[in-house]
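Remarks on the overall topology
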Amino acid sequence: MSEVVISARSVGKTFGSGADKVTALDSVSVDIFQNEFFTMLGPSGCGKTTLLRLIGGFEQATSGQILLEGKELNDLPPFKRPINTVFQSYALFPHLTVKQNITFGLEMQGISRKDAGGRADEMLELVRLAEYGDRVPSQLSGGQQQRIALARALAPAPKVLLLDEPLSALDLKLRKEMQVELKRLQTETGITFVFVTHDQEEALAMSDRIAVMQSGEILQIGAPREIYEAPTHRFVADFIGDSNFLVGDLVDGGAGKRAVKLSGGQVIALTQEVSDQRTGEVTVSVRPERLGLVAESDAGADQLTGTVSTVIYFGTDTTYQIDLGNEALLTVRMQNGSGAKADFAEGERVGITMSPDAIRVLAD
Amino acid sequence: MKVDASNPLWRFRGITSTAMFFFAYLYLPIVVLIALSFNENRLATIWTGFTMDWYVTALSNDDMLRAAQNSIVVAVSATVLATIAATLAAMGMSRGRFKGEAGVSAMLVLPLLVPEIVTAIATLLFFVALGIKLGLLTVIIAHTVFCIPFAYLPIRARLEGMDPALVEAANDLYANEWKAFRRVTLPLLWPGILSGAMLSFIISLDDFVISYFVGGAGSTTLPIYIFGMIRIGITPEVNAVSAMMLIVSIVFVSISFMIDRIRY
Amino acid sequence: MGNIIRTKRFWLVAPAVVYIGFFMAVPLLQMAYVSVLERGDYGGVNWGAFSMDAYISFIFERDLMDNLVVNTDYLQIFVRSFGLSAMTTVFALLLGFPTAFYISTQPQSRRNFLIFLVTIPFWTNILVRNYAWMLLLRNGGLIDGALNWMGLETGGLDVLYTPYAVSIGLTYTYLPFMVLPIYASLEKLDHRLVEAAFDLGADKRRAMSRVILPLAAPGIAAGCILVFIPCLGAYVTPELLGGGKFMMIANLIGSQFGAARNWPLGAGLGFVLLALVLISMMVYSFKFKSLPEESR
Ligand SMILES: Nc1ncnc2c1ncn2[C@@H]1O[C@H](COP(=O)(O)OP(=O)(O)OP(=O)(O)O)[C@@H](O)[C@H]1O
Ligand SMILES: [Mg+2]
């Protein structure tokens, strides 16, 4: 595995004091690797910006340490950190031209005006706005301002680039374009990107690894596929994509494996390793698209059965709400035209198929 | 007259005539004064012809020129001092709250709340108690006090409208605090500073009551000089000097407002 | 870094705050102190010798036998000041409300220009503005002349140096302060509310009394305060247009530092005036939470 660039160790941050005290971060630890596109994902107010600002040096941690390549950063002001930021509002200097914006950081580092100018041209080339150097920011569209903000932050070749919801001000189409663009820039420059978003699709599409945060804590860190397919917490399963949750008891599934016995009596074998220490009631999650439907007559004895309560046709797929009785509902999404019979009517009795590896036991 | 048709308030008639009366009332004296300053007739009321003579007479009056010079010295000094203090204060007051902020805020606008006459006599008593001789210096000190809020408010307004991320962006791009101030904050703030300075200048130049009480021999400012002339009687020279003061004020304020509207 | 920033902010606000504190707050406190001192025999004050004479002399004077007898001279000046200020406020409201109303019905670009026109006179020299009224009001002045020319033999208008002249001048001087806050509240008024009132069958009178006036109330209150209070402390207008014959509080205060040479009394009067101003400000901000943006 490649080298750790940023390392947060039990970082805590509180704002205010007394009755107004807000805990924005609660002992967060994370390692971010070189040349990685790392995303912090979570709902509003979970502390993403705070963590980013701590790394950038705009706030000071209340507890814990932040290291850059093993050296403690805590007391360094932002202008002494080889880390640059793309601000959510872009924060382009309105009184300077595009090119002056890009050379700003270089000149502050003492690079000669001529060299800085050359580098700025390179950067403009990189973000494909070569002809825009002499404009002022107010003469650029939102998407162009975004690219200039990127070029400005990349120009000094920082070790880490911080991006706080940089795409949130763009409309959907531009957003998609910029996602591709950002990914390209990250690969071309080889700079570590730490990206903040509350948009799960964006996170899944762009990241090498994602940290899912909730109320000041990191719940799970992993590659997009891992986060999506093997969520460890109910919050993660719910926040990223759609999930069904079922409650059951952990039982022995034979052959060294465990199984879950649902309240209806059905037993589902698990492929997931679950520690022997865990017993009793657990919640499991399963993605709607990992479930299938068969006619009740075709269902095995061990299979869940229920009644189709709603059918919603989405074109590429169809979503079924299945009433399992005792108020439990299950959502099943089946792809249309995949050959499998996917045509059940409301009120029909059905059996539900699921592959064992789709079932994930969640942490309490 | 064109009205904003989507605005239902225009349906109320009678307001137009009142408004016309209002503006006539507001500008009639100013227009009349300026017109009379060019009137050849010494008795002012009847128009007998255009002349610049009264301006020539006024501008060749040494006492008047000395008073004008005093006024400018006072206004420039008070403006410079007040603008510096106000700029620093506005920067200190921007960005987040702090303990005692309300008190500091109140202090900064206190000079706008206290009636002029009260400021005047309190300051006079203070200088007397300290044994400071009344003169240009005391006038400058007193003017600086009431100029601070006039400079402060536009600068503060501009800072409020500035994205705090800009300074952070400068810091992020390796500018230390001083460089961030010089390269980012100051260039963005200058219209506010200039506009505030010009308002201070005008307010100081026009002040009468405070200069009158706090000044002493040798610190006669232009308004005090004009006051003395008016006391003696209405003359075309007074008209000319007054018209000049009016025009200077109006020009300065117009420029100040235009500068304040500069947006990037 | 939080602490560093806080300390820096302290040093940034310090010059202005210390300056105003030392040259304004301290003098005001000292003024209150002077008001309870004994008057010096040849003017000035006897520092350290306390006396409530200044406050007593608001209402009483000593006769030859050293008895206190009621003297209403000063009270009359207070009453006159309040009366003139109240009258001015009413005039300003009658003129200012329709004007603010008118401005708010104009297209945006013209609104800004009109508001600018309203503010300009404020920035011009107050002496000059009042002097212009002397030109207009005096016998043989412009208005007199115009009336005579129209065939109305006035035989001299005799308005200058009367309370009427003072009132006209005060209204003129403080009128912009009425228009600006009322305009600010009318500008924010949601036009759909007025539309809705009309739709619901309200006539103009009802729309005005039930919708517009209540919504403009904070602006009207602010305007009245912004006119009334400076009026109470007016010095130049009564001096010029009243010819020094119709003193208001400020002239009375000023005269204690001139011919009358009674500093404790002047300081006491100043203190009372200041207290009146600050109390009305507090009452206002208590009632309406915050003052409208300082009108510029
Ligand atoms: N300067 C501050 N003072 C007080 N509280 C703050 C401050 N900054 C952040 N907080 C609080 O800390 C918590 C985390 O805020 P943060 O800005 O990090 O959230 P976020 O995850 O970036 O949310 P969003 O997606 O809305 O940007 C919030 O409860 C917020 O109210
Ligand atoms: Mg955020």
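1. So, the overall build of chain A
Scanning chain A from terminus to terminus reveals eight helices and 20 strands. Expressed along its principal axes, the backbone C-alpha trace of chain A runs to roughly 80 × 45 × 45 Å. Counting over 364 residues, chain A shows a buried share of 50%. Counted over contacts in chain A with a minimum sequence separation of 6, partners at least 24 positions apart contribute 65%.

2. Considerations on the overall build of chain B
Tallying secondary structure elements over chain B gives 11 helices and zero strands in all. Mapped from its N terminus to its C terminus, chain B presents α and β elements in the order α-α-α-α-α-α-α-α-α-α-α. C-alpha atoms of chain B, sized along the principal axes, occupy 70 × 65 × 30 Å. When the 264 residues of chain B are sorted by exposure, 60% land in the buried category. Of the roughly 10,800 Å² that chain B leaves accessible, carbon and sulfur atoms contribute 67%. The average position of the 17 basic charges and that of the 16 acidic charges among the side chains of chain B differ by 7 Å.

3. Some points on the site of ligand 1
All names here are of chain A. Near ligand 1 you find 13 residues, and of these Ser44, Gly45, Lys48, Thr49 and Thr50 are the closest. One of the backbone N or O atoms of Gly47 is found 3.0 Å from an oxygen atom in ligand 1. Between ligand 1 and the protein, one listed contact pairs an oxygen atom with a side-chain N or O atom of Thr50 at 2.5 Å. Burial of ligand 1 by the protein chains amounts to 61% of its free accessible area of 630 Å². Within the residue set of the shell around ligand 1, elements represented by two or more residues are strand S2 (22-33) and helix H1 (48-56). At three residues, the largest contribution of residues to the shell around ligand 1 is made by H1.

4. Describing the interface of chain B and chain C
Each partner contributes residues to the interface: chain B has 99 residues there, and chain C has 90 residues. For the pair chain B and chain C, the summed buried area comes to about 8,700 Å², and 79% of that belongs to carbon and sulfur atoms. Viewed at the interface, chain C and chain B are joined by one salt bridge. One can count 10 residue pairs in polar contact (both at pLDDT 80 or more) joining chain B with chain C. Looking at the side of chain B that touches chain C, the element that brings in the most residues is helix H1 (residues 15-37) of chain B, giving 17 residues. Classifying every residue of the side of chain B that touches chain C by side-chain character gives 72 nonpolar, 16 polar and 11 charged.

5. Topic: the packing of helix H3 (residues 113-126) of chain A against helix H4 (residues 142-154) of chain A
Residue and element names in this part refer to chain A. The contact between H3 and H4 brings their axes to 9 Å, and the two run at 140°. As far as their axial angle goes, H4 and H3 are oblique. The handedness of the crossing between H3 and H4 comes out as right-handed. Each of Arg119, Met123, Leu124 and Leu126 in H3 lies in contact with H4, whose residues at this interface are Ile148, Ala151 and Leu154. Tallied by class, residues from the contact of H3 with H4 come to six nonpolar, no polar and one charged.

6. Focus: the domain arrangement of chain A
Residues and elements named next belong to chain A. When its domains are assigned, chain A resolves into domain 1 (4-235) and domain 2 (242-361). One C-alpha centre belongs to domain 1, the other to domain 2, and the line joining them spans 40 Å. Between domain 1 and domain 2, the residue contacts involve six residues of the former and six residues of the latter. The junction of domain 1 with domain 2 conceals about 620 Å² of combined surface from both sides, 46% of it contributed by carbon and sulfur atoms. Ranking the residues of domain 1 by area buried against domain 2 places Tyr228, Pro231 and Arg234 at the top, with a combined share of 74%. Where domain 1 touches domain 2, the interface holds two residue pairs in polar contact (both at pLDDT 80 or more). For the side of domain 1 that touches domain 2, the leading source of residues is helix H7 (residues 224-229), giving three residues. Within the side of domain 1 that touches domain 2, the residues separate by chemical class into four nonpolar, no polar and two charged.

7. Some points on a nonpolar patch on the surface
All names here are of chain C. Together, Met52, Ile56, Ile59, Phe60, Leu68, Val70 and Leu75 make up a nonpolar patch on the protein surface, roughly 580 Å² of accessible area in all. When you line up the elements, Leu75 lands in helix H3 (residues 73-104). Judged by relative accessible area, Leu75 falls into the partly exposed class, the value being 38%.

8. Here we look at the confidence of the model for chain A
For chain A, per-residue confidence averages 89 on the pLDDT scale, and 98% of positions sit at 70 or higher. By mean pLDDT, strand S13 (residues 267-269) of chain A is the weakest element of chain A at 79, and strand S3 (residues 37-41) of chain A is the strongest at 96.

9. So, the packing of aromatic side chains
The final tally for this structure, using the stated rule, is 38 aromatic pairs over all chains. Ring plane angle 85° and centroid distance 5.5 Å describe the contact between Tyr212 of chain B and Phe213 of chain B, whose orientation is recorded as edge-to-face. Members of the aromatic cluster, each reached through a chain of ring pairs, are Phe126 and Phe127 of chain B together with Tyr19, Phe22 and Phe23 of chain C. Its end group placed over the ring of Phe93 of chain A, Arg152 of chain A keeps NZ or CZ at 4.7 Å from the ring centre. In this structure, Arg234 of chain A packs its charged tip against the face of Phe245 of chain A, placed 4.1 Å from the ring centre.

About the thresholds
Residues numbered from 1 in each chain as written. Chains lettered and ligands numbered in written order. Predicted model: local features only at pLDDT ≥ 70, side-chain atom pairs only at ≥ 80, totals over all residues. Heavy atoms only, no water. Helix = DSSP H or I, 4+ residues; strand = E, 2+ residues; numbered from the N terminus. Buried < 20%, exposed > 50% of the residue type's maximum accessible area, 1.4 Å probe, protein only. Contact = heavy atoms within 4.5 Å. Areas by Shrake-Rupley, 256 points an atom, 1.4 Å probe, with all protein chains shown as cover. Lys, Arg positive; Asp, Glu negative; His and termini not counted. Charge placed at Lys NZ, Arg CZ, Asp CG, Glu CD. Near = heavy atom within 4 Å. Polar contact = N/O pair within 3.5 Å; in protein donor to acceptor, adjacent residues only side chain to side chain. Buried area = accessible area lost by both parts, 1.4 Å probe. Salt bridge = Lys/Arg side-chain N within 4 Å of Asp/Glu carboxyl O. Nonpolar A, V, L, I, M, F, W, Y, C, P; charged D, E, K, R; others polar. Axes fitted to C-alpha atoms, helices over the stretch in contact; angles between N-to-C directions. Parallel < 35°, antiparallel > 145°, perpendicular 65-115°, else oblique. Left-handed = near helix turned anticlockwise from the far one by under 90°. Domains from an automatic or database assignment. Patch = residues over 30% accessible without salt bridge, like charges linked within 9 Å, V, L, I, M, F, W, Y side chains within 5 Å. pLDDT = per-residue confidence, 0-100. Phe/Tyr/Trp six-rings, centres within 6.5 Å; stacked < 30°, edge-to-face > 60°. Lys NZ or Arg CZ within 6 Å of the ring centre and 35° of its normal.

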